[in-house]
Amino acid sequence: MTYAITQTCCSDATCVAVCPVNCIHPTPEERAFGSTEMLYVDPQTCIDCGACADACPVDAIFPVDSLFGAQKEYAAINAAYYADRKPEPAPAAPNFHAWGEPAFERSLPADFAPIRVAVVGTGPAGMYAAEDLLLHTNAEVTLVDRLPVAGGLVRYGVAPDHPATKKVGETFARFHSHPRVRMHLGVEVGKDITAQELAAHHDAVIYAVGASTDRRLGIPGEELPGSASATSFVAWYNAHPEVAPDSVSLDAERVVVVGNGNVALDVARILVSDPETLAATDIADHALAALRGSRVREVVLLGRRGPEDAACTVSELLALKHLPGVGLVVDDHDPRTGPAIDGAAPGTKAALLQDVERGAVDWSRPPAPGRRIVFRFHSAPVAAVGEDAVTAVRVTDGGSEREIPAGLLRAIGYRGVAVPGLPFDEASGTVPHEGGRVSGMTGTYVVGWIKRGPSGGIGANRTCAAETVGTLLADATAGALAAPAHPSSAFRRLARSRGRNVVDARGLAAIDRAEVARGREHGRPRVKLGTVPALVAAAKGRRRWKTPS
């Protein structure tokens, strides 16, 4: 019995560190790390010890003989990665693993006084940075977030039907109550406090604020009602307090989703999934109610390029193929699509579409009975059509154009937002930096999507954070950081003087208990509180959280 890594792999390489026989690749030391969609277990080397499964933060590793349904295909996917690769054997030694020289890159001199570091943002990037500091140095960490609850994209960006992916949040949660952590949620830098004030209370500040807005299509009619971003749609079904429950309309029978990356597939999957299946997840109450009454029966995934260039991962496309009660169709309008699929190499994304129904779609007619997802490649949006709301999407069709009666969702990527007091590159939507150090600002650093742009999944933030923390510690040992102008207790007083709704670690734990209790009443893992007042009330132990959000 060997093990295999499956769909929810976060690629943070925790499994690599515990494997005694070096059978999981690519490792962080290998060039391919970060460029593959997931990590892979070599079935020829695996000794079935299960250490990787125990260490995996997202429950993505299982014995091959326990895989079922769509997961069975991951045994072949893992093995295929090694078909033309021969990992270097470990040298003869008492240990199976080929250990390198000891390295202590995340440490400070033993006599170095503890530094105080503020981390702005409690999503994966911020928490990997905090974890690095707490595990490898004696630093004191201040966690700051503009929302009164922690989690970032783990809470508000992961689809509700991917509960295993959300489990990485449990790994981060153990640091929320760490004795060297002080938490101040509900504090917005640039509004409640300035970047300069934050810097004056800490030796260093790491900004992990992500990419909170969306990219635009730049087509006529994009601003009409009935046109929305996948960013806002994902936040809506995840109960983000800044997205109103009634902000999404599901009155159209057909929806065109521009893009075919993982977020686009998430959106399509949620729109056509059985609401009763979603009722067993932590999806927002208002989203569940809306989906139960939804008229949407067909989602069209619009891709500018061919199936061989689809932006999604193999695992997400594979999951879509096994969605109960949902048909898949490839629109065969372009003569390049069929040959690209038929000639695709085994294991590629295009090859996964070889057994999918293919044919011309009559867009003049309403969607066919049932629920389905249509892949339309080599087609781009030209305009959103309608007077008071979007009624159709005009798209390219070979050398001409055609209209598809539908609503519109754009899923072409996230974009960073400028942080007051920090430089900002409008073209890339990022903060200019050198190895994570903000250009021209001593003691100020960035990590995650605001540093590198909206690329890479949850695990990619671990290596990103390692670089930034390494730069910070190098600056600290070189004496390049300015000492805080105020004692450690002063920031707590400052934060609370600017707002009465600051949530600390105990308040966050109270929110968690309240949401889990609400979920227990309805047979769900949790029911999220969807407004700032409800979150703050729960943090303070009030019963107000029982009212519907």
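See the structure above.
Residues numbered from 1 in each chain as written. Predicted model: local features only at pLDDT ≥ 70, side-chain atom pairs only at ≥ 80, totals over all residues. Heavy atoms only, no water.

Engineer: Tell me about the sheet that holds strand β12 (residues 298-302), and please be specific about residues and values.
Structural biologist: Spatially, seven strands are ordered β10-β19-β11-β12-β15-β13-β14 in an open sheet, and the strand pairing comes out parallel. Both outer strands of the open sheet, β10 (227-229) and β14 (357-359), are each paired with one neighbouring strand and no more. Averaged over all neighbouring strand pairs, the angle between strand axes comes to 25°, with direction disregarded. Bridging between strand β11 (residues 254-258) and strand β19 (residues 407-410) involves four bridges; their strand directions are parallel. What sits directly across from V258, in β19, is R410. On top of the sheet, helix α9 (residues 230-237) reaches β10 and β19; it is set at about 75° to β10, its chief contact. Here helix α13 (residues 314-321) sits on the sheet in contact with β12, β13 (326-331) and β15 (371-376), set at roughly 140° to β15. (Pairing = 2+ DSSP bridges. Helix = DSSP H or I, 4+ residues; strand = E, 2+ residues; numbered from the N terminus. Axes fitted to C-alpha atoms, helices over the stretch in contact; angles between N-to-C directions. Contact = heavy atoms within 4.5 Å.)

Engineer: So what's going on with the packing of helix α18 (residues 505-521) against helix α19 (residues 532-539)? Which residues, and what values?
Structural biologist: Look at α18 against α19: their axes get within 7 Å of each other, and the N-to-C directions meet at 105°. The angle between the axes of α18 and α19 places the two elements in the roughly perpendicular class. Every residue of α19 that contacts α18 at G507, A510, I511, A514 and E515 is listed here: L535, A538 and A539. A per-class count over the contact of α18 with α19 returns six nonpolar, one polar and one charged. (Parallel < 35°, antiparallel > 145°, perpendicular 65-115°, else oblique. Nonpolar A, V, L, I, M, F, W, Y, C, P; charged D, E, K, R; others polar.)

Engineer: Could you give an account of the sheet that holds strand β18 (residues 400-405), with specific residues and numbers?
Structural biologist: Spatially, three strands are ordered β16-β17-β18 in an open sheet, and the strand pairing comes out antiparallel. The sheet is open, and its two borders are formed by β16 (381-385) and β18, each paired with just one other strand. The average angle at which neighbouring strand axes cross in this sheet is 25°, direction not considered. Note that strand β17 (residues 392-397) and β18 share six bridges and pair antiparallel.

Engineer: For the packing of aromatic side chains, give the residues involved together with the corresponding values.
Structural biologist: Two numbers describe a pair of aromatic rings. These are the distance of the centres and the angle of the planes. Scanning the model with the defined rule gives seven aromatic pairs in all. Seen from their ring centres, Y414 and W449 are 5.4 Å apart, and the 55° between their planes marks the pair as tilted. Of the two residues, Y414 sits in strand β20 (residues 414-415) while W449 sits in helix α15 (residues 449-452), which places them 35 residues apart along the sequence. An aromatic cluster of at least three residues, connected via ring pairs, comprises Y40, Y81 and Y82. Stacked on the ring of Y81, the Lys or Arg R85 has its end atom at 3.9 Å from the ring centre. (Phe/Tyr/Trp six-rings, centres within 6.5 Å; stacked < 30°, edge-to-face > 60°. Lys NZ or Arg CZ within 6 Å of the ring centre and 35° of its normal.)

Engineer: Could you give an account of the environment of D266, naming the residues involved and the relevant values?
Structural biologist: One can find D266 in helix α10 (residues 262-272). Taking C-alpha positions, D266 is 28 Å from L185, a pair spaced 81 residues apart along the chain. With sequence-adjacent residues up to four places away left out, D266 is seen in contact with A159, H162, Y237 and E316.

Engineer: Can you explain unusual backbone geometry? Please cite residues and give values.
Structural biologist: That bond from H25 to P26 is cis: its omega, -5°, falls within 30 degrees of zero. Structurally, P26 is set in the loop between β2 (24-25) and β3 (40-41). We note that A239 has phi near 65°; this positive angle belongs to a residue other than glycine. By relative accessible area, which is 2% here, A239 ends up buried. With a phi close to 55°, H378 is a non-glycine residue in the positive phi region. Turning to its location among the elements, H378 is positioned in the loop between β15 and β16. (Buried < 20%, exposed > 50% of the residue type's maximum accessible area, 1.4 Å probe, protein only.)

Engineer: Provide a residue-level description of α10, including the pertinent values.
Structural biologist: Most of α10 sits out of view: nine of its eleven residues are buried. For α10, the set of buried residues is A264, L265, D266, V267, A268, R269, I270, L271 and V272.

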